[in-house]
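Structural description and commentary
Chain residues, written in single-letter form:
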Amino acid sequence: MKLLLTGGAGYIGSHTAVELLNKGYEIVIADNYSNSDPKVLDRIRKITNKDFAHYNCDVANYSEFERVFKEHKIDVVIHFAGYKAVGESVKIPLEYYENNLNATITLLKLMNKYGVENCIFSSSAAVYDSTKNRRLTEDSPLSCTNTYGYTKLMSEQIFKDAARANPKLSIALLRYFNPIGSHESGLIGDNPNGIPNNLLPYITRVAVGKLDKLYIFGNDYDTRDGTGVRDYIHVVDLALGHIAAIDYCLNNKGAIAINLGTGKGYSVLEVVHAFEKASGVKIPYEFTGRREGDTAEYYASPELAKKLLGWEARLDLEQMCASAWKWQKMNPNGYEE
Ligand code: UFG
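Overview of the structure. Nothing here was measured: the structure is a model prediction, and the numbers come from that model.

Procedures and definitions
- Residues numbered from 1 in each chain as written.
- Predicted model: local features only at pLDDT ≥ 70, side-chain atom pairs only at ≥ 80, totals over all residues.
- Heavy atoms only, no water.
- Buried < 20%, exposed > 50% of the residue type's maximum accessible area, 1.4 Å probe, protein only.
- Helix = DSSP H or I, 4+ residues; strand = E, 2+ residues; numbered from the N terminus.
- Pairing = 2+ DSSP bridges.
- Right-handed = clockwise from strand over helix to strand, strands pointing away.
- Polar contact = N/O pair within 3.5 Å; in protein donor to acceptor, adjacent residues only side chain to side chain.
- Axes fitted to C-alpha atoms, helices over the stretch in contact; angles between N-to-C directions.
- Parallel < 35°, antiparallel > 145°, perpendicular 65-115°, else oblique.
- Left-handed = near helix turned anticlockwise from the far one by under 90°.
- Contact = heavy atoms within 4.5 Å.
- Nonpolar A, V, L, I, M, F, W, Y, C, P; charged D, E, K, R; others polar.

1. Some thoughts on the pairing of strand 1 (residues 2-6)
For strand 1, the buried fraction is high: five of the five residues fall into the buried class. The sheet contact formed by strand 1 and strand 2 (residues 26-31) spans five bridges and is parallel. Pairing of Leu 3 across the sheet is with Ile 27, part of strand 2. Tracing the backbone out of strand 1, into helix 1 (residues 11-22) and back to the parallel element strand 2 gives a crossover that is right-handed. Bridging between strand 1 and strand 4 (residues 76-79) involves four bridges; their strand directions are parallel. Bridge assignment links Leu 5 to a residue of strand 4, and that residue is Ile 78.

Next up, the structure:
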């Protein structure tokens with residue numbers, strides 16, 4: 001069984017690569033390292049003691065990406081590649097639409113040409129309207145507050161239309177909630193460029209002394225302590241969700257959206273305290289105004305994933321925080337030596 005991972009050097013891609021190699025799957029990574037580091041490949045090899053093919057290529061570029069399909073008979077594609085910064089997406093929307101939608105379209109064209117029938121897509125809880133419901137099921141109302149979310153929602157639609165036109169296709173649209181944490185080795189992890197936008201990477205950089213304090217965006221939400229509540233999921237659990245989706249794709253046709261979350265929400269303050277407990281490091285913080293586009297509280301209904309994939313998240317918030325801290329401590333400058 002050979003899998004192609006687009007964006008396989010990224011945060012979620014690299015963790016999924018490790019779990020796949022450990023389970024004996026053959027993988028090919030295609031990544032242009034626009035938001036990742038080629039050193040990740042060595043780290044994956046070091047963790048797994050296994051080797052794999054990799055291509056430095058832009059998956060939105062048909063002729064560059066076609067080489068991979070010419071040289072490998074792919075059974076399943078896991079499509080992680082894409083721009084992912086919410087704030088940036090609003091500032092440069094055309095680049096986001098161009099990159100993320102072209103990648104999806106190019107991939108589907110090449111899958112059709114080379115007879116590849118199975119694809120797992122990195123979608124996001126950002127496709128839901130989280131102002132209406134807090135517990136989100138796959139049929140909750142959809143609507144986005146930013147361009148990043150729209151690129152995911154539009155890609156989902158493109159996959160659905162492609163699957164309607166080609167009944168051989170089998171597509172799992174995995175809607176991730178908030179992935180955090182790292183592989184237990186501490187060798188791979190979330191490595192955002194510059195000042196992190198997301199909560200956990202910000203906290204770990206405060207803990208390691210690279211940032212002074214955490215700014216908590218709003219303490220007047222209608223939640224148990226006034227701070228925003230999200231469904232944080234360990235990236236290793238998320239990676240295992242992809243492996244469960246492979247079997248689902250091989251045995252079903254059509255396109256289907258499935259949540260990958262734990263079903264439990266934690267507030268920003270609860271995450272801060274869990275991190276302090278796991279690391280033994282105090283995190284100074286200050287409340288500031290709400291961040292545009294944020295909503296009070298949402299978390300996944302994880303039932304469909306359990307029913308269709310036989311998968312559920314197992315690792316808890318403390319394990320998420322402890323592993324994120326291990327990665328940051330062992331790699332204070334990310335993948336730079
Ligand atoms: N937060 C802070 N301070 C920070 C960063 C975040 O208080 O410096 C708060 C936010 O207001 C929010 C919570 O921490 O309440 C989580 O924020 P993140 O930025 O970590 O995550 P989001 O829930 O905003 O978004 C994440 C991903 C998106 C994805 C979405 C889907 O960044 O890509 O989850 O659920 F679409």
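Still more to cover.
2. Considerations on the side chain of Thr 48
Note on placement: Thr 48 falls in helix 2 (residues 39-48). Its relative accessible area of 8% is what places Thr 48 among the buried residues. There is a polar contact of 2.8 Å between the side chain of Thr 48 and the backbone oxygen of Ile 44. Here the side chain of Thr 48 touches Lys 50 through a polar contact of 3.2 Å, landing on its backbone nitrogen.

3. Details of the packing of helix 1 against helix 2
Here helix 1 crosses helix 2 at 30 degrees, and the two axes come no closer than 10 Å. For the element pair helix 1 / helix 2, the angle class is roughly parallel. In the packing of helix 1 onto helix 2, the handedness of the crossing is right-handed. Contacts between helix 1 and helix 2 involve Ser 14, Ala 17, Val 18, Leu 21 and Asn 22 from the first element and Val 40, Ile 44, Ile 47 and Thr 48 from the second. For the contact of helix 1 with helix 2, a count of residues per class yields six nonpolar, three polar and no charged.

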